Amino acid sequence: MEAQQQTDALTLLEQRWQKRLDRERAARKEAERLLEEKSLALYERNVELRELASNLEKLVDQRTNELAVALKKAQAATLAKSEFLATMSHEIRTPLNGVLGMAQLLFDTELSEQQREYVSNLKNTSNTLLAIINDVLDFSKIEAGKLELESISYDLYQLVKEVCAIFKLQAQQKGLSLQVEFNELVPRWIVGDPTRLRQILMNLLSNAMKFTESGTVGLALMPSVESDVLTVCVWDTGVGMDEKARSKLFQAFSQADASTTCQYGGTGLGLAICDRLTTLMGGRIWVESEQHKGSRFYFTFAAPRGKESSQEIRVETIKSLAELKVLLVEDNAINRLVATKLLQKLNINAAIAVDGLEAVAMTEKAAYDLILMDMQMPNMDGLTATQHIRAMNLSKRPKIIALTANAMNEDQERCLAAGMDDFISKPIHFDQLKQTLARFYP
Amino acid sequence: MKGMVFTEFLEMVEAKFSADMVDDIIDDANPASGGAYTSVGTYSHEELVDMVVALSNRTQIPVPVLVRTFGEHVFGVFARSFQQFFEGVPDALTFLSGIEDIIHAQVIKLYPDAQLPKFDCLREGNQLTMIYHSDRHLADLAEGLIMGCGQHFGDNLTIQRDEVNELSTRFIVTKV
């Protein structure tokens, strides 16, 4: 009986333990199942994320490529536009010069009052057209990065004097007073590009004149906080402009407002050109203005002190030039005539070759100090002739100066690479010829 | 309800009563899940209620007392397992004020489908009013947790409790 009870108790205990064991096992399996499930979910999520990341990367790459292509296209289009404008302007300018020249000739003939008025209008409109084309040409050159600045020593006082002389008459006619103010700390001789400085001054002054009906137009030059930088202010008591107009002022093809074009004319390029030029000259341009009270245009530009050029040195140079043996290589008869005459003014009697081939042959026979070499010629061009001459074993190395119609930098580089020493752009100006020779034979 | 609550409850029963009591109340309650709880699983909160009722029947200890005691116990477990929630928390009332915004916010991140009670808290100096909203009728558990929190921080808390309605209970917790 007691043994039976003990067995029952044991069985009960065994069942209880078995149950507990089963429960724990079930719990373990459940936990493992859950873990498995969570691991799988995590893995799948990871795969998804990785795919998403890789897709994103692909998408970014694709977009970047698309943008790069679009940018390239846009840049090519801009360049093409600039080049087209430059070409067109150049092509238009040549016949326009003819029109202007003819108008001038016509003006000097015997004309009736009415005819004189017509020709006068013809001349004025042609001049305006030429100015516009020059603006477009300049602007497209700057935009294409093809505008090179000169770096020569020049007389700033003289330049300002000349510019003001141009506007003096106009000021008188409009009843305006023209004031010029020179700070004593501004050096007289500076190094830079006088042509471009003159262009900026002319532009600002002609604007000031245009937009001022009464009062004063002024020009002031002063030093800047930075050394070797000058500040120029062109001011007027004219119509002035509001904030909105000021903000767009230096953008290309924009004027204070569309009605400005009707009332005052202009291409809207002048100030954009001034803006780009001042940047190229290491400075900036800005404006202060109030409507009906006038405007003050300021610009700065790098102006390191220059050396005073003396007239006497040039005279000596010209004397010594007479002893030079010079060869002129030029296929065009008229250009040949012009160059010969210019050289004669410098006491130089040049030998003549009509193409590269003849030049090479003549150089073999005689020793020249200087060869003026046209670039484009039949039989043999200037570059090839130069290479042949440089390959010769000559007792005296002649200086070779290219005569080139293209003043672009790359052409100049090609000249130098072929073994030339310098270049003069055509049509040849006497001053330029003289200065270039002075560099070699001081 | 998270499995951890179940495993902790059964461990407490085992420690305070016996392993046999654990077997007995599982047999009595006969939970749908089979009673093989793991801390990483999720189970119906009714199973917990059934087991508490079974424990009460066997021990003659009222259900609310059991649930409160469990709450106190389980807070200590939480505090050991989730120490990061206690960093920089100076006292019990500050911790309790942040239940909704800090603790529950983190729980939702890990378990987006968790069904959490809602606490409206208003702190006034040494007094915190917490209104508990839940359809699970576990205000006793909440009270036990509050007590456990006080013990964890070594703060002497008095709890005044009144039923707002069937789904809401107000606790006024004062630090003495």
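Before reading further, recall that the structure is shown in the block above.
About the criteria used
Sequence order sets the numbering: in each chain, residues are counted from 1 along the sequence as written. Working convention: letters from A go to chains and numbers from 1 go to ligands, in the order in which they are written. Predicted model: local features are reported for residues with pLDDT of at least 70 only, side-chain atom pairs are reported and counted for 80 or more only, and whole-chain, interface and lining totals are derived from all residues. Only hydrogens and water are set aside; all other atoms, that is, all heavy atoms of the structure, feed into the side-chain values. In DSSP terms, a helix is any run of H or I states spanning at least four residues, a strand is any run of E spanning at least two, and both are numbered starting from the N terminus. The globule rule used for comparison is 2.2 Å times the number of residues to the exponent 0.38, while the radius of gyration itself is calculated over C-alpha atoms. Burial here depends on accessible area, computed with a 1.4 Å probe over protein chains only, as a share of the maximum for the residue type. Under 20% is buried, over 50% is exposed, and the range in between is partly exposed. Any two residues having at least one pair of non-hydrogen atoms within 4.5 Å are treated as being in contact. Note that accessible areas follow from Shrake-Rupley with a 1.4 Å probe, and for residues the cover is restricted to the protein chains shown. Take the accessible area each of two parts loses on contact, using a 1.4 Å probe, and add the two losses: that sum is the buried area. Salt bridges are defined by distance alone: a side-chain nitrogen of Lys or Arg within 4 Å of a carboxyl oxygen of Asp or Glu. In protein, a polar contact means a hydrogen-donor-capable atom and an acceptor-capable atom, both N or O and within 3.5 Å, with residues adjacent in sequence counting only if both atoms are side-chain atoms; elsewhere, any N or O pair within 3.5 Å suffices. Lines fitted to C-alpha atoms define the axes, with helix axes restricted to the stretch in contact, and inter-axis angles between N-to-C directions lie between 0 and 180 degrees. In these notes the angle categories are as follows: under 35 degrees is roughly parallel, over 145 is roughly antiparallel, 65 to 115 is roughly perpendicular, and the rest is oblique. Take the far helix as the reference: if the near one is turned anticlockwise from it by less than a right angle, the crossing is left-handed, and if turned clockwise, right-handed. Ten residue types, Ala, Val, Leu, Ile, Met, Phe, Trp, Tyr, Cys and Pro, are classed as nonpolar, four, Asp, Glu, Lys and Arg, as charged, and the remainder, Gly among them, as polar. Centre distance within 6.5 Å is the pairing criterion for rings of Phe, Tyr and Trp, where only the six-membered ring of Trp is used; planes under 30 degrees apart are then read as stacked, over 60 as edge-to-face, and the remainder as tilted. For a Lys NZ or an Arg CZ to count as sitting over a ring, it must be within 6 Å of the ring centre and within 35 degrees of the ring normal. Two strands qualify as a pair provided that DSSP identifies no fewer than 2 bridges between them. Here the expected span of a helix is defined as 1.5 Å times the quantity of residues minus one. The bend at a residue is defined as the angle formed between two axes, one fitted to the seven residues ending at that residue and one fitted to the seven starting there.

**Student:** I tried to follow the overall build of chain A on my own but got confused; where do I start?
**Tutor:** Scanning chain A from N- to C-terminus turns up 13 helices and 12 strands. Taking 2.2 N^0.38 as the reference for a compact globule, 442 residues should give roughly 22 Å; the C-alpha atoms of chain A span a radius of gyration of 39 Å, well beyond that estimate. Across its three principal axes, chain A shows a C-alpha extent of roughly 160 × 70 × 50 Å. For chain A, buried positions account for 36% of its 442 residues. Taking as baseline every contact in chain A between residues at least 6 positions apart, the subset at least 24 positions apart corresponds to 69%. When the accessible surface of chain A is summed, it comes to about 27000 Å², and 55% of that surface belongs to carbon and sulfur atoms.

**Student:** Looking at this structure, how should I read the interface of chain B and chain A?
**Tutor:** Often, the extent of an interface is quoted as the loss of accessible area upon association of its parts. Between chain B and chain A, the contact holds 15 residues from the first and nine residues from the second. For the pair chain B and chain A, the summed buried surface comes to about 910 Å²; carbon and sulfur atoms form 50% of the total. Interface area lost by chain B to chain A is led by D23(B), A36(B) and T38(B), which between them contribute 43%. Remark: the boundary between chain B and chain A carries seven salt bridges. Residue R20(A) pairs with D20(B) through a salt bridge whose shortest N-O separation is 2.8 Å. The tally of links between chain B and chain A comes to six residue pairs in polar contact (both at pLDDT 80 or more).

**Student:** I would appreciate a short explanation of the environment of D28(B) in the present structure.
**Tutor:** Residue and element names in this part refer to chain B. Assignment of secondary structure puts D28 in helix 2 (residues 19-29). On a C-alpha basis, the gap between D28 and L55 in space is 8.9 Å, while along the polypeptide they are 27 residues apart. D28 has contacts with A54 and R58, leaving out every residue within four places of it along the chain. Within the structure, D28 has its side chain in polar contact with the side chain of R58 (distance 2.5 Å).

**Student:** Honestly, the side chain of T59(B) in this entry has me stumped. Any pointers?
**Tutor:** Of note, T59(B) is situated in helix 3 (residues 45-59). Of note is the side chain of T59(B), whose polar atom sits 2.7 Å from the backbone oxygen of L55(B).

**Student:** Teacher, can you tell me more about the packing of helix 2 (residues 113-143) of chain A against helix 7 (residues 270-280) of chain A here?
**Tutor:** Each pair of packed helices can be summarised by the angle the axes make with each other and by the distance between the axes. All names here are of chain A. Their axes nearest at 10 Å, the elements helix 2 and helix 7 cross at an angle of 40°. Judged by the angle between their axes, helix 2 and helix 7 are oblique. The two elements helix 2 and helix 7 meet at a crossing, and its hand is left-handed. Seen from helix 2, the contacting residues are D135, D138, F139, I142 and E143; seen from helix 7, they are G270, A272, I273, R276, L277 and L280. Broken down by class, the residue content of the contact of helix 2 with helix 7 amounts to six nonpolar, one polar and four charged.

**Student:** I keep staring at unusual backbone geometry and nothing clicks. Help me out?
**Tutor:** Most peptide bonds adopt trans geometry, and most residues besides glycine take a negative phi value. Residue and element names in this part refer to chain A. In this model, D228 sits at a positive phi of 60°, which is unusual for a non-glycine residue. On the secondary structure map, D228 appears in the loop between strand 4 (216-223) and strand 5 (229-236). A relative accessible area of 46% places D228 in the partly exposed class. You will see that H292, though not glycine, has its phi angle at about 70°, which is positive.

**Student:** What's the story with the packing of aromatic side chains in this structure? I'm lost.
**Tutor:** Any aromatic ring pair is given by two values, namely how distant the centres are and how the planes are angled relative to each other. Tallied over the entire structure, the rule returns 16 aromatic pairs over all chains. Ring centres of F299(A) and F301(A) lie 5.9 Å apart, and the angle between their planes is 35°; this geometry places the pair in the tilted category. A relative accessible area of 1% places F301(A) in the buried class. For the pair F86(B) and F95(B), a centre-to-centre distance of 4.5 Å together with 5° between the ring planes defines the contact as stacked. For F86(B), a relative accessible area of 14% gives the class buried. Accessibility expressed as a relative area gives 8% for F95(B), which makes it buried. Through a chain of ring-to-ring contacts, three or more aromatic side chains come together here, namely F75(B), F86(B), F95(B) and F153(B). Above the ring of W17(A), the side-chain terminus of R20(A) is found at 5.0 Å from the ring centroid. If you follow R284(A) out to its NZ or CZ, it ends over the ring of W286(A), 4.0 Å from the centre.

**Student:** Which parts of the structure should I look at to understand the sheet that holds strand 4 (residues 168-175) of chain B?
**Tutor:** The strands making up a sheet are joined through hydrogen bonds of the backbone, oriented either antiparallel or parallel. All names here are of chain B. Strand order in this open sheet of four strands is 1-2-4-3, and the pairing throughout is antiparallel. Two strands close off the open sheet at either side, each with one partner strand: strand 1 (118-124) and strand 3 (157-163). Adjacent strand axes in the sheet meet at a mean angle of 15°, parallel and antiparallel pairs treated alike. Where strand 3 lies against strand 4, seven bridges are found, and the strand directions are antiparallel. Of the residues in strand 4, the one forming a bridge with L157 is K175. Helix 7 (residues 139-153) contacts strand 1, strand 2 (127-133), strand 3 and strand 4 of the sheet and is inclined by roughly 165° relative to strand 3.

**Student:** Any chance you could explain helix 3 (residues 156-174) of chain A here in plain terms?
**Tutor:** An α-helix turns once every 3.6 residues. As a result, residues three or four positions apart point the same way. All names here are of chain A. In this model helix 3 runs 27 Å from its N-terminal to its C-terminal C-alpha over 19 residues, within 8% of the 27 Å that 1.5 Å per residue would give. If you look at helix 3, its biggest bend is around 30°, right at F167. Taken residue by residue, helix 3 has L156, L159, V160, V163, C164, F167 and A171 as its buried positions. Here the buried face of helix 3 lies against strand 1 (152-155), strand 2 (177-182), strand 3 (189-192), helix 4 (194-210), strand 4 and strand 5. Taking the backbone nitrogen of Y157 as reference, a side-chain oxygen 3.1 Å away marks D155 as the first, capping residue of helix 3. G175 lies just past helix 3 and shows a positive phi near 75°.

**Student:** What's the story with the side chain of T169(B) in this structure? I'm lost.
**Tutor:** All names here are of chain B. One can find T169 in strand 4. For T169, a relative accessible area of 3% corresponds to the buried category. Here E163 takes part through its side chain, which lies 3.1 Å from a polar atom of the side chain of T169. Excluding its chain neighbours within four sequence positions, the residues that come into contact with T169 are M130, I131, Y132, A139, R161, D162, E163 and V164.

**Student:** What am I meant to see in the sheet that holds strand 7 (residues 294-302) of chain A here?
**Tutor:** Residue and element names in this part refer to chain A. Taken together, the five strands give an open sheet; going across it, the order is 2-4-5-7-6, and neighbouring strands pair in mixed fashion. Strands with a single pairing partner mark the edges of an open sheet, and in this sheet they are strand 2 and strand 6 (285-290). Taken over all neighbouring pairs, the strand axes of this sheet differ in orientation by 10° on average, direction set aside. The pairing of strand 6 with strand 7 spans six bridges and is antiparallel. From the neighbouring strand, W286 faces strand 7, where its bridge partner is Y298. Most of the contacts of helix 3 go to strand 2, to which it runs at about 170°, and overall it touches strand 2, strand 4 and strand 5.

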